[in-house]
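# A structural walkthrough
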Amino acid sequence: VQLQASGGGLVQAGGSLRLSCAASGRTFSNYAMGWFRQAPGKEREFVAAISWSGGTTYYGDSVKGRFTISRDNAKNTVTLQMNSLKPEDTAVYYCAADTGWGRPLDMYDYWGQGTQVTVSS
């Protein structure tokens, strides 16, 4: 499956951004979807994941209560609504697809190219 992330940009602290990831090539609903991020000099970290049907979600501790992941299987898209952004949220954000569930990032099957999110203080 091919993944194309978009929606990144520059925002002030406290602001919001909405990231989207468009999937093509295979049956989107066969994949759990995740968002990850990588800040300069740091390892890639888990942000959020959503199950095949969208009925189950979970989040990294640093974004709980601020970010919301959702998906639309009819449109082959997954979104990440990011509210109350902080400078420490600055990173390149990646969407990824997984045939499994709850697996570590190195087991995800497909990755998008990433979109830059910069939060100014």
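### As for the nonpolar core
Grouped together as the largest cluster of nonpolar side chains are 30 residues, with contacts concentrated most on Met33, Trp35, Leu80, Met82 and Tyr93. Where this core is concerned, the elements lending two or more residues are β1 (2-6), β3 (17-24), β4 (32-38), β5 (45-50), β7 (67-72), β8 (77-82), β9 (91-98) and β11 (115-120).

### Concerning the state of the cysteines
This structure, assessed with the given rule, holds 1 disulfide. Across the disulfide from Cys21 sits Cys95; the S-S distance is 2.1 Å. An S-S torsion of about 60° defines the bridge between Cys21 and Cys95 as right-handed. Here Cys95 lies in strand β9 and Cys21 lies in strand β3, a separation of 74 residues in the sequence. Each member of the pair, Cys21 as well as Cys95, is classed as buried.

Procedures and definitions
- Residues numbered from 1 in each chain as written.
- Predicted model: local features only at pLDDT ≥ 70, side-chain atom pairs only at ≥ 80, totals over all residues.
- Heavy atoms only, no water.
- Core = buried A, V, L, I, M, F, W, Y, C linked by side-chain atoms within 4.5 Å.
- Buried < 20%, exposed > 50% of the residue type's maximum accessible area, 1.4 Å probe, protein only.
- Helix = DSSP H or I, 4+ residues; strand = E, 2+ residues; numbered from the N terminus.
- Disulfide = S-S within 2.5 Å.

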